[in-house]
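So you can see what is in the structure, the chains are spelled out below.
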Amino acid sequence: MPDRVADKVLAALAAVKHVPRESISLDSALADLRVDSLDTITLLFELEEYFHLVLPDDVVRSLRTVRQIVEAIERRLAAPGPAAEATSD
Amino acid sequence: MICALGLEVAPCWSQMVAGSPGIRRLQAVDPALLRFSNAAEVPGFVPAEHFEPGRLDLLDRFAQFALVAARQAVRDSGIEFTPALRDATAVITGCCLGGQTAEDAEFEILYRQGRNRVHPLTIPRTMANAGASMLSMEFGLRGPAFTLSTACSSSSHAIGLAFQMVRSGAVELALAGGSEAPFSYGLLKAWEAMRVISTDTCRPFSRNRTGMILGEGAAVLVLEPLAAARARGARIHGEIIGFGMSSDAHHITQPSAEGAALALAAALRDAQLAPEAIGYINAHGTGTLGNDSTETRAIHQVFGAHAQRLAVSSTKSLHGHTLGAAGALEAVATVLALREGVLPPTANYTEPDPECDLDVIPNASRPLRVEHALSNSFAFGGLNAVLAFRGASA
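These numbers were taken from a predicted model, which means no experiment stands behind them. (Residues numbered from 1 in each chain as written. Chains lettered and ligands numbered in written order. Predicted model: local features only at pLDDT ≥ 70, side-chain atom pairs only at ≥ 80, totals over all residues.)

1. Quick word on the sheet that holds strand β13 (residues 383-391) of chain B
Residues and elements named next belong to chain B. Heads up, the condition is: Only strands joined by at least two bridges in the DSSP assignment are considered to pair. Each helix corresponds to a stretch of at least 4 residues labelled H or I by DSSP, and each strand to a stretch of at least 2 residues labelled E; elements are numbered beginning at the N terminus. In this description, a line fitted to the C-alpha atoms serves as the axis of each element, helices being fitted only across the stretch in contact, and the angle between N-to-C directions of two axes falls anywhere from 0 to 180 degrees.
Taken in spatial order, the 5 strands make up an open sheet running β7-β13-β12-β8-β9, and their pairing is mixed. Each edge of the sheet is formed by a strand with only one pairing partner; in this case those strands are β7 (238-247) and β9 (311-313). Each strand of the sheet is rotated relative to its neighbour by a mean of 20 degrees, with strand direction disregarded. Relative to β13, strand β12 (residues 372-379) runs antiparallel, the two being bridged by 8 bridges.

Have a look at this one:
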C-alpha cells in the first residue's frame, strides 16, 4: 500500500506540473518544485478522487514535501471512517 | 444596503458598531453536502414584500438585492429625477457571478432531472448586468449603464468609475454599487474546492485565521458633485476624493503586495493626500492566510512608519465576503465610520499575527473621528481598486 500511494502521488504531481516523474522524489520540497496554491488544490483534488478520501484544509496547509503528502494520505487510509478504497484506474 | 447584518443601513451599521457578526449556519444549501457549514446570508429577506409577483419572475436574488439597495439609496438621497437628469444619470454596478441561484436551479433540471428545456427567462435572470438594467428601468435612467466584473473588486471599480464620470462632468449623477447572491450548490462546491472557505469563522489578521466566509447582499451609492448636493440641500454622508487602480500581473489567485501598493499609492495621489492624512483603512481583509499578510505588507510599503499609527479593520468579519458586492458594502461602512466618528472592528479576532502587525481594531469598535479613509479591494486575478473618502463635514 505505501508504495502504491507514493507511486500515485509522484505520478499525479508530475502530471500537474507537466514534468517527468523521474525529476520528482519523495524528499522533494513542494516549493522547490514550484508547486503553488492552485497546483496544490489541483493535486489534492486528483488524489482525493483517486483514494476516495478527504484531507482537511488544515492538513493540506501544513504540507511542505512530497513525502508529507504521501504520509497524510496513508494516515487517512489507515484511519477508521468512510470509504478508503482506491479506484482502479 | 442589505447584507447579513440587516435589510437597511441603520441595522447594518448598528451590528457593525456592536461587532456582532452576521455569520450563521448555512440555510440555502444543506451544509451536510459541503466541507464548510457557515455563511453570511441575508436574514429574513422575503422577496414578495419588495416585488410584485410578475416582477419577481424576472429577478434572480442578486438583482433583487440590487434593487432593494438602490431604492433605499435613492429615497435617502432625496433626489428628484427630472427628464433631463434621468438622461444624464449613470448606473454602474459590480457583480462577480451573475444570477447563480437561477442558473443552478435551471441546470439542475437539465442535468439531474433529465429534462431537456429550461425556463425561458433564464438568460435575463442570470446575466450579470441584470442589476444595472433593472436599476435603470426602475428609475427611468437613460444615461450610461453597465456592469463591471472584476471578481472581489467589482463594486469598488464600479464606484470608482462612477466617481470619475461624475467628477469629469460626463454625467450629472450616478447610482453605483454592487450586488451578489452566491449561495447555489454548484458554486459552493467550486469554492469548497478552492480550499479558501473557513470551516469556522472569518478571523481577518488573526494568526489562527483559516479562510473567508461567503456572504451575500448589495449596496448602492448616489454620487453627484459636491456643489450640486449642497445646492439642493442634500443630506451629504461623505465625499469620495480619490480612486486608484492597478493590476498585479502576477498570479491568477495569489495576491501581490506590489500590485496592492500601486493601487493604494494611486488612490492617495488622486486624492492629493499624503499617507499621513489617512486615519482609517477598511481593508480587503478576507481572512485567508495569503491576503491578510500580503495586504499588511502593501500597507507598510505605502505608509511607512504611519502604518503603525493608522487604524485598519476588516468588516468582512461581520458581513462576510460578498464578492462583487464587497467593495460597495465596505464603501458604505467607510463613509459611516467617517460620518459617525466610530471605526468598526475586526470581529472574531483572537491571536496577533506578526505578519499582520497593524492596529486592526480587534473585536470592539473604536470611537475615533478621522478625516480621511481608504477602502481596499484586491481581487482574484490581481485586479486592485482603492477608494479614498473624506467625511462630509471636513
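Next comes the rest of the write-up.
2. Structural notes on the interface of chain B and chain A
Applied cut-off: Residues are defined as contacting one another if the C-beta atoms placed from their backbone atoms lie within 7 Å. Amino acids are sorted into nonpolar (Ala, Val, Leu, Ile, Met, Phe, Trp, Tyr, Cys and Pro), charged (Asp, Glu, Lys and Arg) and polar (every other residue, Gly among them).
Of the residues lining the interface, 8 residues belong to chain B; the matching set on chain A comes to 8 residues. Considering only residue class, the side of chain B that touches chain A consists of 3 nonpolar, 4 polar and 1 charged.

3. Concerning the confidence of the model for chain A
Definition in use: Per-residue confidence from the predictor is given as pLDDT, running between 0 and 100.
Chain-level statistics for chain A give a pLDDT mean of 89 and a share of 88% at 70 or above. Mean pLDDT in chain A bottoms out at helix α3 (residues 57-61) of chain A, which sits at 91, and peaks at helix α4 (residues 66-78) of chain A, which reaches 96.

4. Section: helix α11 (residues 257-271) of chain B
All names here are of chain B. Our working definition: By definition here, a helix of n residues has an expected span of 1.5 Å times n minus one. Exposure classification rests on a simple neighbour count of other C-beta atoms within 10 Å of a residue's own: a residue reaching 20 or more is buried, one at 12 or fewer is exposed, and one in between is partly exposed. C-beta atoms are placed from the backbone.
In this model, α11 (15 residues) spans 21 Å end to end at C-alpha, consistent with the 21 Å of a helix rising 1.5 Å per residue. Counting buried residues in α11 gives 11 out of 15 residues, a clear majority hidden from the surface. Along α11, the residues that are buried comprise Ala 257, Gly 259, Ala 260, Ala 261, Leu 262, Ala 263, Leu 264, Ala 267, Leu 268, Asp 270 and Ala 271. Summarising the contacts, the buried residues of α11 are in contact with β7, α12 (289-303), β12 and β13.

5. Some remarks on the nonpolar core
This is how the line gets drawn: Think of a nonpolar core as buried Ala, Val, Leu, Ile, Met, Phe, Trp, Tyr and Cys residues chained together by C-beta atoms that fall within 7 Å.
Ala 66, Ala 69, Ala 162, Ala 174 and Val 220 of chain B are the most contacted members of the largest nonpolar core, which totals 127 residues. With 10 residues, helix α14 (residues 326-340) of chain B is the largest single contributor of residues to this core. The next biggest cluster of nonpolar side chains, apart from the first, holds 15 residues, and it includes Leu 10, Leu 43, Leu 47 and Leu 53 of chain A.

6. A closer look at the packing of α11 of chain B against α12 of chain B
Residues and elements named next belong to chain B. How we decide: Here the word oblique covers every angle except those under 35 degrees (roughly parallel), over 145 (roughly antiparallel) and from 65 to 115 (roughly perpendicular). Each crossing gets its hand from how the near helix is turned against the far one by less than a right angle, where anticlockwise is left-handed and clockwise is right-handed.
The interhelical angle for the contact between α11 and α12, taken along N-to-C directions, is 50 degrees, at an axis separation of 8 Å. Judged by the angle between their axes, α11 and α12 are oblique. Crossing of α11 against α12: the hand is right-handed. Mapping the contact onto sequence places Ala 257, Ala 260, Ala 261, Leu 264 and Ala 265 in α11 and Thr 294, Glu 295, Arg 297, Ala 298, Gln 301 and Val 302 in α12. Taken together, the residues of the contact of α11 with α12 sort by class into 7 nonpolar, 2 polar and 2 charged.

7. Re the packing of helix α8 (residues 154-168) of chain B against α14 of chain B
All names here are of chain B. Where α8 contacts α14, the axes come no closer than 5 Å and their chain directions differ by 65 degrees. Of the residues in α14, those in contact with Ser 154, Ser 155, Ser 156 and Ile 159 of α8 are Ala 326, Gly 327, Ala 328 and Ala 331. Grouping the amino acids of the contact of α8 with α14 by side-chain chemistry returns 4 nonpolar, 4 polar and no charged.

8. Structural notes on the pairing of strand β3 (residues 89-94) of chain B
Residue and element names in this part refer to chain B. Of all the 6 residues making up β3, 6 are buried; the element is thus mostly covered by neighbouring parts of the structure. Residues Thr 89, Val 91 and Thr 93 of β3 are buried on one face, and the alternating residues Ala 90, Ile 92 and Gly 94, pointing to the opposite face, are buried as well. In terms of strand pairing, β3 meets strand β5 (residues 173-180) through 6 bridges, oriented parallel. Residue Ile 92 lies in a different strand from β5, and its bridge partner there is Ala 176. For β3 and strand β4 (residues 145-148), the ladder comprises 4 bridges, and the chain directions are parallel. Residue Ile 92 lies in a different strand from β4, and its bridge partner there is Phe 146.

9. Some thoughts on the confidence of the model for chain B
Within chain B, residue pLDDT values average 97, and 99% of them lie at 70 or more. The ipTM value of the predicted complex is 0.77, and its pTM value is 0.94.

10. With respect to the sheet that holds β5 of chain B
Residues and elements named next belong to chain B. Ordered in space as β4-β3-β5-β6, the 4 strands form an open sheet in which the pairing is mixed. The open sheet has two edge strands with one neighbour each: β4 and β6 (217-223). Geometrically, the sheet is characterised by an average inter-axis angle of 15 degrees between neighbouring strands, direction not taken into account. Bridge count for β5 against β6 is 7 bridges, and the pairing is antiparallel.

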